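Results of the structural survey
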Amino acid sequence: RMKKRIVSCLLIAVMAISMCACSTESKLVENEKAETKKDDDQVKVGILLNQASTQVISDMGNAMLDKADELGIDATLMYYEMDVQEMITGIENYMASDVDALIVHPMNANDGAEAMQKAYDAGIQVLVFDTEPNCDYSNCFMASNEELGYKIGEQAANWAKENLVSKGMTPVIGLVNEPSSEFLTERETGIRNALEELLPEGEIVITGAGTTALAGQEAGEKFLQAYPDMNMVVSINDDTMHGVYEAFAQAGLTTSENIGLFSCDGTQKSKEYVAEGGIFKCVVDLELNKVGENMVECAQKDVLGEDSDYEKINYFPMNPVTIENVEEVLK
C-alpha cells in the first residue's frame, strides 16, 4: 500500500509538472506572437467607408491606404455604397480574414452596431468615423456636427449681411441636406439655427437631398427653376456643392457678386473655387485626409498597445476657408 501511495504521488507530481510546462509553453507562444507583432509591425486593418462616389471620402480612403503603406500596415479598403447590409457583410468578411483592427464609417448610430460589437468582443480594435455607434468601440473620429453646421450658417449669414442685406436685397436660400443620415441631419440643424439667429432677413425657401455631386447638380437645377433669383445655397458637404456650382455655372451665374455658396469638408476643388473669387464664398475645412491618416495610425497604436495621444472621441478641425486666407491654405 505504501508503494502504491508513493507511485500515485509521483504520478500526480509528474502530471502537475507537465501541466505547468504546457501552461508555460502556451504563455511563451502567446508572448512570442505578441512580441512578433510588436517587432514586425504586422498589423492588419480592414477599412469600410460609405461611398466611393463621394469624392471627399474616396480621397480620404486613398490617403488612408498611403499612410498604411508608410507605416507597414496590411490595409484593405472597401466601400459599402450606403447599403447597411453590405456594411455588415463587410465587417463579417474582415473578421473572417483575421484583421487586428476595423475602421468603419456608419451613417447612423445603429447601422452595423451588432456586427461591430461582435468584432469588439472578439478582441478586434474597432474605430469609427463620422458617427458614434450604439456599441462598444476603441476610438471615434467625428465632427461636432451641430457646431459644424452652425459655423457654415454663420459664414453664410455674415456674408449675406454685408453683401445682400446692406444693399436692401432679401437672402433667398436653398439648402442641400441628407435626412437619411443622423449626423448630417445634426449638421443641417446647426445650419438652420445659425441662419435663424444671425440672418432673420433671409429664408430657406427650398431643400434638396444628397451627398454626391450629381445629387447636388440636380438640386441646384431644381433650385434655380423654382427660384431664379436665388442668391444663397448652403450644403452639408462639399460634393453636393460642387454639383450646385455646376448648375449655377450652366446658368451663367458663377461670377455674380450677389450669390454665395457655403459648404464644408475642404476638398481641393472647393478651395480652388473659393480662390477664383466667384460665387463659392466659403468652405469649412475638416482636413479629412489628415483625419484618415490619424485613424490608421491610431489603429496601429491600439493593436500594438502603444502610448497614444488619441482620445476616445477625436473631433475634426473646423477651419473656414475664404478669399482672405485661401492662398495661404492652398500653399
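None of the values given here were measured: they were computed from a predicted structure.

Right, let's talk about helix α8 (residues 238-250) for a bit. Between the first and last C-alpha of α8 there are 19 Å, a value that for 13 residues agrees with the 18 Å anticipated at 1.5 Å per step. Remark: Gly252 follows α8 within two positions and exhibits a positive phi of approximately 70°.

Moving on, we get to the pairing of strand β6 (residues 172-177). Judged by how many residues are buried, β6 sits mostly within the fold: six of six residues are covered. By the alternation rule, side chains of β6 split into Val172, Gly174 and Val176 and Ile173, Leu175 and Asn177, which are all buried. In this structure, β6 lies alongside strand β7 (residues 203-209), joined through six bridges in parallel fashion. Bridge assignment links Asn177 to a residue of β7, and that residue is Ala209. In this fold, the crossover linking β6 to β7 by way of helix α6 (residues 182-198) has right-handed handedness.

Our focus in this paragraph is the nonpolar core. Counting 68 residues, the largest nonpolar core has Ile103 and Met232 as the members making the most contacts within it. Considering each element in turn, this core owes the most residues, seven residues, to helix α10 (residues 288-304). Not counting residues within four places of it along the chain, the set of residues in contact with Met232 comprises Ala156, Trp159, Ala160, Leu164, Pro171, Val172, Ile173, Gly174, Leu199, Gly260 and Phe262. By size, the runner-up hydrophobic cluster in this structure holds 20 residues, among which are Tyr245, Ile259, Leu261 and Ile279.

This part covers the environment of Pro179. Positionally, Pro179 belongs in the loop between β6 and α6. The class for Pro179 is exposed, based on a relative accessible area of 56%. Along the chain, Pro179 and Gly210 lie 31 residues apart, while their C-alpha atoms are 8.7 Å from each other.

What follows concerns the environment of Ala160. Summarising the element assignment, Ala160 is placed in helix α5 (residues 145-163). Residue Ala160 is classed as buried on the basis of its relative accessible area, which comes to 0%. Between the C-alpha atoms of Ala160 and Asn258, which are 98 residues apart in sequence, the distance is 8.8 Å. If we ignore the near neighbours within four places in the chain, the residues touching Ala160 are Val165, Pro171, Leu199 and Met232.

What counts as what
Residues numbered from 1 in each chain as written. Predicted model: local features only at pLDDT ≥ 70, side-chain atom pairs only at ≥ 80, totals over all residues. Heavy atoms only, no water. Helix = DSSP H or I, 4+ residues; strand = E, 2+ residues; numbered from the N terminus. Expected span 1.5 Å × (residues − 1). Buried < 20%, exposed > 50% of the residue type's maximum accessible area, 1.4 Å probe, protein only. Pairing = 2+ DSSP bridges. Right-handed = clockwise from strand over helix to strand, strands pointing away. Core = buried A, V, L, I, M, F, W, Y, C linked by side-chain atoms within 4.5 Å. Contact = heavy atoms within 4.5 Å.

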